[in-house]
Amino acid sequence: MSFTEPPAPIPLFKVFMPESVMPHLQQTLMSGHIGEGPRVPEFEAALAQWLGVPSVVAVNSGTSSLQLALRLAGVGPGDEVVTTPLTCAATNEPILALGGRAVWADIDPTTGNLLAADVARKCTPRTKAILAVHWGGYPCDLEALAAVARQHSIPLIEDAAHALGSSYQGQRIGGYSDYVCFSFQAIKLLTTGDGGALVCKSDADDQRARRLRWFGLDRRIEAGDCRWEQSIEEHGYKFHMNDIAATIGLEQLRFLDDNLARHQAHAARYDAVLQGFSQVRPLARSPDRHSAHWLYTVRVDRRAAFVAHLQAAGVAASRVHVRNDRYAMFAASAGGALPGVDVFDAEQVNIPCGWWLSLADVDTVVQALQTYEANA
Ligand SMILES: Cc1ncc(COP(=O)(O)O)c(C=O)c1O
């Protein structure tokens, strides 16, 4: 008896790694600089140019960039951060790392993004920052969130882990808020293996972030025979990016526009197909913003049946994030009723949309969506 393995389903994620990175990687590995050396500032400059911002601070993960942003925002023991529970735990764990408390605000169930009106309701004199996630890459209503932040004289932090290449009011995500955090983790649109970046609005924050990412030291200062001789004014972290990651990042940047265009083209096809569907509902779109479409999320009433239907058609589908407010580590957090989170959490599911899909793959996904709609 012989068994034929069913073909692997079209995956939800895939690591992008061009062969052309290899000679550069070999050069870096043998260069004597595998920690933070010349490739890191090179990567920072290239990324800053791509984003259209004056400066970028490269770090070892998106989580580290969030912790730096929260620290720069002044979050400390007992302070509150108004944030979304519908995200990766990595968004909110850095609040706990600094001794702060997450206060949950509700989201718009048609986008997965924070509702500025509920954020405003949740701000108190103890609130030190607003932390917003661009779900799947689709930009939040930054204007409305920034207005709330201004009203309370607190910074707005963007968790743009999904949103490299997204745009808001004609500008790439990166330059709008006080702090914008990116992730270059394995399956992101640009990967450095692990890595991240922080964009600060103020030059003083940018300089302080550079010290905080490396033990509180200014790496440019050679005090006597040893840079450790300089005074460390405040404790920092070991969050710097290394040259191995930066080398990968530099090569990846050359492919970013093409990969991004493919994510967006596949998403546009799904948007067109899903017009008028009732059982598979796309998220809402506003003409003033464009998603990088790291994720393509749809809303369905019977998620398990939808996932099983797609799986049978050779298409992976699943949730990527679950609500954080149910984790025991956030037991001290408050938020009250979160009706938008309840709806979105119950209905959201993601379908493959990335650069790795061939046109035939996209057809396969579309056909699976059509047959689900017809039979649901
Ligand atoms: C929304 C969100 N924020 C933060 C992170 C953390 O990024 P990293 O894995 O680079 O630390 C991730 C995922 O990785 C994420 O999806």
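Given the structure is predicted, the values throughout are model-derived calculations rather than measurements.

Visitor: Give a description of the sheet that holds strand S12 (residues 296-299) that names residues and reports values.
Guide: Spatial strand order, S10-S12-S13: three strands in an open sheet with antiparallel pairing. Two strands in the sheet have a free side with no partner beyond their single neighbour: strand S10 (281-282) and strand S13 (348-351). Sheet topology places S12 next to S13; four bridges connect them, and they run antiparallel. Following the sheet pairing, Val298 is matched in S13 by Val349.

Visitor: Describe the nonpolar core, listing the residues and the values that go with them.
Guide: In this structure, Phe43, Ile157, Phe182 and Leu198 are the most contacted members of the largest nonpolar core, which totals 81 residues. Inspection of this core shows a minimum of three residues originating in each of domain 1 (21-252) and domain 2 (256-375). Discounting residues that sit within four places of it in the chain, Phe43 has contacts with Ala58, Phe184, Leu190, Thr192, Met241, Ala246, Gly249, Leu250 and Leu253. Ranked by size, the runner-up nonpolar core spans 27 residues in total, among them Val315, Ala317, Ala368 and Leu369.

Visitor: So, the packing of aromatic side chains: which residues are in play, and what are the values?
Guide: Aromatic ring pairs are reported here in terms of the distance separating the ring centres and the angle at which the planes meet. This model, assessed by the stated rule, comprises 14 aromatic pairs. On the basis of an interplanar angle of 75° and a centroid distance of 5.1 Å, the ring pair of Tyr270 and Tyr296 is categorised as edge-to-face. With Tyr270 in helix H8 (residues 243-274) and Tyr296 in strand S12, this residue pair connects regions lying 26 residues apart in the sequence. Both residues of the pair, Tyr270 and Tyr296, count as buried. Within the aromatic cluster, the residues linked to one another by ring pairs are Phe16, Phe255, Trp355 and Trp356. Positioned above the aromatic ring of Trp50, the side-chain terminus of Arg172 is 3.6 Å from the ring centre. In this structure, Lys188 packs its charged tip against the face of Trp294, placed 4.9 Å from the ring centre.

Visitor: An account of the site of the ligand is needed here, citing residue identities and associated values.
Guide: Surveying the vicinity of the ligand reveals 16 residues, the closest of which are Gly62, Thr63, Asp159, Ser183 and Lys188. Within the side chain of Thr91, an N or O atom sits 3.4 Å from a nitrogen atom of the ligand. At 2.8 Å, a side-chain N or O of Lys188 approaches an oxygen atom of the ligand. Bound to the protein, the ligand loses 91% of the 380 Å² it would expose on its own. Broken down by secondary-structure element, the contributors of at least two residues to the shell around the ligand are helix H3 (62-72) and helix H4 (89-97). Tallying contributions element by element places H3 first for the shell around the ligand, with three residues. Of the residues contributing to the shell around the ligand, the split by class is four nonpolar, ten polar and two charged.

Visitor: Tell me what's going on with the pairing of strand S4 (residues 127-133), and back it up with residues and numbers.
Guide: Of all seven residues that make up S4, six are buried, and the element is covered over most of its length. Note: strand S2 (residues 80-83) against S4, four bridges, orientation parallel. Residue pairing in the sheet places Val81 in a bridge with Ala129 of S4. The pairing of S4 with strand S5 (residues 156-159) spans four bridges and is parallel. Each bridged residue has a counterpart across the sheet, and for Leu131 the counterpart in S5 is Ile157. You can see the chain leave S4, run along helix H6 (residues 142-151) and come back into S5, and the turn it takes is right-handed.

Visitor: So what's going on with the environment of Val362? Residues and values would help.
Guide: As for its position among the elements, Val362 is in helix H11 (residues 359-375). Sequence separation of Val362 and Leu66 is 296 residues, and the distance between their C-alpha atoms is 34 Å. In contact with Val362, not counting residues within four places along its chain, are His266, Arg269, Tyr270 and Leu357.

Visitor: Outline the side chain of Thr28, listing residues and values.
Guide: Within the element layout of this structure, Thr28 appears in helix H1 (residues 21-29). A polar contact is formed between the side chain of Thr28 and the side chain of Thr247, at a distance of 2.7 Å.

Visitor: An account of the domain arrangement of the protein is needed here, citing residue identities and associated values.
Guide: By domain assignment, the protein separates into domain 1 (21-252) and domain 2 (256-375). Spacing between the C-alpha centres of domain 1 and domain 2 amounts to 25 Å. When the two sides are added together, the surface that domain 1 and domain 2 hide from each other amounts to roughly 3600 Å², 62% of it contributed by carbon and sulfur. For the domain 1 face of the interface with domain 2, the top three residues by lost area are Trp104, Tyr138 and Leu189, together amounting to 20%.

Visitor: Kindly report on the pattern of salt bridges, identifying the contributing residues and their values.
Guide: Per the stated rule, a full pass over the model turns up 24 salt bridges. For the salt bridge of Arg220 with Asp218, the shortest nitrogen-to-oxygen distance reads 2.9 Å. On the accessibility criterion, Asp218 (14% relative accessible area) is buried. Each of Glu36, Glu44, Asp206, Arg210, Arg213 and Arg219 takes part in one network of salt bridges that share partners.

Cut-offs and rules
- Residues numbered from 1 in each chain as written.
- Predicted model: local features only at pLDDT ≥ 70, side-chain atom pairs only at ≥ 80, totals over all residues.
- Heavy atoms only, no water.
- Pairing = 2+ DSSP bridges.
- Helix = DSSP H or I, 4+ residues; strand = E, 2+ residues; numbered from the N terminus.
- Core = buried A, V, L, I, M, F, W, Y, C linked by side-chain atoms within 4.5 Å.
- Buried < 20%, exposed > 50% of the residue type's maximum accessible area, 1.4 Å probe, protein only.
- Domains from an automatic or database assignment.
- Contact = heavy atoms within 4.5 Å.
- Phe/Tyr/Trp six-rings, centres within 6.5 Å; stacked < 30°, edge-to-face > 60°.
- Lys NZ or Arg CZ within 6 Å of the ring centre and 35° of its normal.
- Near = heavy atom within 4 Å.
- Polar contact = N/O pair within 3.5 Å; in protein donor to acceptor, adjacent residues only side chain to side chain.
- Areas by Shrake-Rupley, 256 points an atom, 1.4 Å probe, with all protein chains shown as cover.
- Nonpolar A, V, L, I, M, F, W, Y, C, P; charged D, E, K, R; others polar.
- Right-handed = clockwise from strand over helix to strand, strands pointing away.
- Buried area = accessible area lost by both parts, 1.4 Å probe.
- Salt bridge = Lys/Arg side-chain N within 4 Å of Asp/Glu carboxyl O.

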